[in-house]
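One-letter residues, chain by chain:
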Amino acid sequence: MGIIDSKTGKETRLSAEEIRKKADEGRAYALMAIHLAGSGHPGGSLSIIDAETALYFNVLRHDPKKPDWRERDRLFVSAQHKCPAQYALMGLAGYYPVEAFVVGLRAMGTPFQGHPDWLKLKGIEMSGGSLGQGLSIAVGDALAAKLDNKKYRVYCLMGDGEQQEGSVWEAAMSAAHYKLDNICAFVDLNGLQIDGKVCEVMDLGNVAEKYRSFGWNAIEVDGHNHQQILDACEEAKKTKGKPTVIVLKTIKGKGVSFMENNAGWHGKAQNLEQTKQALKELGFESLFTEEIQKKAKALREKIAKEYGNLISKQKRPHWWNSEEKMNAEMAPTRKGFGSCLARIGGDERIVALGADISGSICILDFCSKNPERNNRFISMGIAEQNMTTAAAGLAKEGKIPVIGSYGVFVTGRNWDQLRTTVCYGNLNVKIAVGHGGVSVGPDGATHQSLEDLTLLTILPNMKVMVPCDSTEADKATEEMVLKQKGPVATRFAREATPIITTKETPFVFGKANVYRFRKETDKFSEAFECFASSDYKNEGEKATIIACGPEVPEALRAAYILKKEHGIETRVINMHTIKPLDEKAIIAAAKETGAIVTAEEHQAGGVGNQVAGVIARAGVPVRMAMIGVKDRFGESAEPWELVWKYGLAAEQMVEKVKELLK
């Protein structure tokens, strides 16, 4: 079919050669956008774009001027990290000016999220970002078409690593069972995923034969041969009584010499020189004008001035490392997790299980410099549910399994496995909850874990820690792995945050630490005195901030501002153990100070409601407020822009304390 004017019925289709040229133009725009955004996923975008171009400009029946036209064909992109390809092609097809995407990819307030959101951008059929779900929603849409006697067709684009998710095969089974011949799926078989070669991470075998065994018509083509792709789509339309899958044999990073067949370009932006080289190889270097670069820079500076690092000093005078004094060393808490695993990993009982993002969450540090441990690092592929229950089996036999992934996946997708197998059995499984909070940044809402603490703390037998910095994360990891028995989860942040503890700082599981600001110093951490909560004596403070994770340094900065600018003495409690809570420290703060503010990089109440419950049960009257995300999802932007926009910064804690004290 191709692009249609839904009013006149006029169709526009491209030839195979025209599609080839349009695909390379799309490659150029996608790479420009990724460079200007400073993040994104170029490798997979370049491997899938030939098939996607064929769909948008020849196969799909769609009207860019009327994206919600009821008779349109539906395209569900399940591997949504490859969205730069889709955004570029939608722009070229006429859904919006393509320059808007190039300038605005992953910028706050634009519809071009790091993982697409159909509520923000017309023409996107599904919001997503968790692999393995696209084929299921496509099945539901195809069933709806059958029920309503609609003639539209349903297409679904998937990656090869994604085939490791069990939900893909549940969907494949149902599509064949219901004879959904109005579905055509694609598998981008480029052979690479984040952790390396698919065949080495978790071998898929013969993908086409697997689908055939599930009752599908399977066609194998060169994923960069546009005529083969078009012919396969025609065959799919003619196939009756069964769904069709087109297996695309592709090259990750196709079209750019230094990206081709290189797993390192899965989720990394090119620098300026690399971008220019790539565009030259594609024959579109003239597109990368100074005007486009200036527009992208101006947009991000505008956003930063409102929400981020460029807010004026008058409005935000004590931002991290913005003054001559009170500066902090910065490091991601996940680094502390990795350093501890490297240090304690010689214990033969410890087994680490990876779910494809092993380097990102630092679980790979377990064996990266200790190859003798490689046999105790088990790659489970993109299969969080299987990873969790396999860990339970290891724990049952006396091993200490450490599993990990991004928080949205390792606490949500596998929650039933955590509940029924791990926690009900009280098995000694350790869960690394990576990328907690909105500070994950440009990947957007699908990858920003804001519900995990509630999901975990409600589970019987589960213990939960949220270390405040990389040094404390090292201590918490050792506590989790070697000292605590039964299920334990520890939450880590992605971005670099201030280091406020030392090796000598007290760390006792289940017991909070109390901080008091003493004086301005060159080094931020030395401006405060830290006590184990059981050793602290009331100093007559007017307010308490109870925080966890990277919100603890923010709370300390708030205490500094409150004292320096408003003369308000504030107690800060680092609640590094969320379950069990240090109830004595909470009740003491409620009795001894006039106001309590809880602060968490999470949906407001995940920790705050638990603190409130402790206070209510103790019958202590106190004024209370909660800092956290207010019942909404995150979005794509720079980490500190999001911290500011979502009300999680020290300045916002200061205002909340002042309000309570009024």
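Nothing here was measured: the structure is a model prediction, and the numbers come from that model. (Residues numbered from 1 in each chain as written. Predicted model: local features only at pLDDT ≥ 70, side-chain atom pairs only at ≥ 80, totals over all residues. Heavy atoms only, no water.)

Colleague: Please clarify how the packing of aromatic side chains should be interpreted in this entry.
Modeller: A ring pair, where both rings are aromatic, is described by two values, the distance of the centres and the angle of the planes. On inspection of all chains with the given rule, the structure shows 16 aromatic pairs. Taken together, W320, F517, F524, F528 and Y560 form an aromatic cluster joined through their ring pairs. A cation over an aromatic ring shows up here: R74 above the ring of Y152, its NZ or CZ 3.8 Å from the ring centre. Here K268 stacks its cationic end above the ring of W265, 4.3 Å away from the centre of that ring. (Phe/Tyr/Trp six-rings, centres within 6.5 Å; stacked < 30°, edge-to-face > 60°. Lys NZ or Arg CZ within 6 Å of the ring centre and 35° of its normal.)

Colleague: Sorry, what's going on with the sheet that holds strand β2 (residues 11-12) here?
Modeller: The three strands lie next to each other as β2-β1-β3, forming an open sheet whose pairing is mixed. Both outer strands of the open sheet, β2 and β3 (61-62), are each paired with one neighbouring strand and no more. The sheet contacts of helix α2 (residues 42-59) involve β1 (2-4), β2 and β3, and relative to β1 the element is tilted by about 40°. (Pairing = 2+ DSSP bridges. Helix = DSSP H or I, 4+ residues; strand = E, 2+ residues; numbered from the N terminus. Contact = heavy atoms within 4.5 Å. Axes fitted to C-alpha atoms, helices over the stretch in contact; angles between N-to-C directions.)

Colleague: I tried to follow the packing of helix α1 (residues 16-37) against α2 on my own but got confused; where do I start?
Modeller: Packed helices, taken two at a time, are described by the angle between their axes plus the distance between the axes. Between α1 and α2, the shortest axis-to-axis distance is 9 Å and the interhelical angle comes to 135°. With respect to their mutual orientation, α1 and α2 come out oblique. Considering the relative orientation of α1 and α2, their crossing is right-handed. For the pair formed by α1 and α2, the contact residues are I19, K22, A23, G26, R27, L31 and I34 on the first element and P42, L46, I49, D50, T53, A54, F57 and N58 on the second. In terms of residue class, the contact of α1 with α2 is made up of nine nonpolar, three polar and three charged. (Parallel < 35°, antiparallel > 145°, perpendicular 65-115°, else oblique. Left-handed = near helix turned anticlockwise from the far one by under 90°. Nonpolar A, V, L, I, M, F, W, Y, C, P; charged D, E, K, R; others polar.)

Colleague: Quick question: what am I supposed to make of the state of the cysteines here?
Modeller: Joining two cysteines, a disulfide is a covalent bond between their sulfur atoms. In the structure shown here, the tally under the stated rule is zero disulfides. Of the cysteine sulfurs around C367, a residue in no disulfide, the closest is that of C362, at 13 Å. You can call C367 buried: its relative accessible area is 7%. With no disulfide of its own, C468 has C530 as its nearest cysteine by sulfur position, at a separation of 8.5 Å. (Disulfide = S-S within 2.5 Å. Buried < 20%, exposed > 50% of the residue type's maximum accessible area, 1.4 Å probe, protein only.)

Colleague: Where do I start with the pairing of strand β21 (residues 543-547) in this structure?
Modeller: Every regular strand shows the same layout, with side chains that alternate between the two sheet faces. For β21, a buried count of five out of five residues is recorded, marking the element as mostly surrounded by other parts of the structure. At this point the chain moves from β21, through helix α20 (residues 551-566), to the parallel strand β22 (residues 570-574), and the crossover so formed is right-handed. Inspection of the sheet shows β21 paired to strand β24 (residues 595-603) by four bridges, in the parallel sense. Residue pairing for β24: I546 is matched across the bridge by T598. (Right-handed = clockwise from strand over helix to strand, strands pointing away.)

Colleague: Sorry if this is basic, but what is going on with the nonpolar core here?
Modeller: In a soluble, globular protein the nonpolar side chains are often hidden away together inside. The biggest cluster of nonpolar side chains holds 67 residues, and the ones touching the most others in it are Y87, F101, F186 and I246. Element by element, the count of residues in this core is highest for α1, at 11 residues. Residues I303, L450, A599 and V643 belong to the second largest nonpolar core, which totals 49 residues. (Core = buried A, V, L, I, M, F, W, Y, C linked by side-chain atoms within 4.5 Å.)

Colleague: Got a minute to help me understand the sheet that holds β21 in this structure?
Modeller: Backbone hydrogen bonds are what pair the strands of a sheet, in a parallel or an antiparallel way. Taken in spatial order, the six strands line up as β20-β19-β22-β21-β24-β25 in an open sheet, and their pairing is mixed. This sheet does not close on itself; its edge strands, each paired only once, are β20 (528-532) and β25 (623-629). In this sheet, neighbouring strand axes are inclined to one another by 20° on average, regardless of whether the strands run parallel or antiparallel. Direction of pairing for strand β19 (residues 513-517) relative to β20: antiparallel, over a ladder of five bridges. Directly across from R516, in β20, lies its bridge partner E529. Along the sheet face, helix α22 (residues 608-618) touches β21, β24 and β25 and points at about 165° away from the line of β25. Lying on the sheet, helix α24 (residues 650-661) is in contact with β21, β24 and β25; it crosses β25 at an angle near 160°.

Colleague: Even after reading the chapter, I still don't get the side chain of R153, so can you show me in this structure?
Modeller: As for its placement among the helices and strands, R153 is situated in the loop between α5 (134-147) and β5 (154-159). Within the buried core, R153 has no salt-bridge partner, and the shortest N-O distance to an opposite charge, that of D73, equals 5.9 Å. Among the polar contacts made by the side chain of R153, one reaches the main-chain carbonyl oxygen of D181 at a distance of 3.1 Å. Discounting residues that sit within four places of it in the chain, R153 has contacts with D73, R74, D181, N182, I183, C184, A236 and K237. (Lys, Arg positive; Asp, Glu negative; His and termini not counted. Salt bridge = Lys/Arg side-chain N within 4 Å of Asp/Glu carboxyl O. Polar contact = N/O pair within 3.5 Å; in protein donor to acceptor, adjacent residues only side chain to side chain.)

Colleague: I keep staring at the packing of α5 against helix α6 (residues 166-177) and nothing clicks. Help me out?
Modeller: Packing of α5 against α6 brings their axes to within 8 Å, and their N-to-C directions diverge by 25°. Taken together, the axis directions place α5 and α6 in an arrangement best described as roughly parallel. For the pair α5 and α6, the sense of crossing is left-handed. Packed against α5, whose contacting residues are L135, S136 and V139, the element α6 presents S167, V168, A171, A172, S174 and A175 at the interface. The residue makeup of the contact of α5 with α6, split by class, is six nonpolar, three polar and no charged.

Colleague: Can you help me understand the environment of I350 in this one?
Modeller: Tracing the chain through its elements places I350 in strand β12 (residues 350-354). According to the relative accessible area criterion, I350 is buried, its value standing at 0%. Residues I350 and L482, spaced 132 residues apart in sequence, show a C-alpha to C-alpha distance of 9.0 Å. Contact partners of I350, with chain neighbours within four places excluded, come to I344, G345, F366, R376, I400, V402, V481 and L482.

Colleague: Can you help me understand the environment of N538 in this one?
Modeller: With respect to the secondary-structure elements, N538 resides in the loop between β20 and β21. The class for N538 is partly exposed, based on a relative accessible area of 40%. When the C-alpha positions of N538 and A589 are compared, they lie 8.6 Å apart, and in sequence the two are 51 residues distant. If sequence neighbours within four positions are ignored, N538 has contacts with R571 and E592. Of the polar contacts made by the side chain of N538, one reaches the backbone nitrogen of G540; its length is 2.8 Å. Within polar-contact distance, the side chain of N538 engages the side chain of R571 at 3.1 Å.

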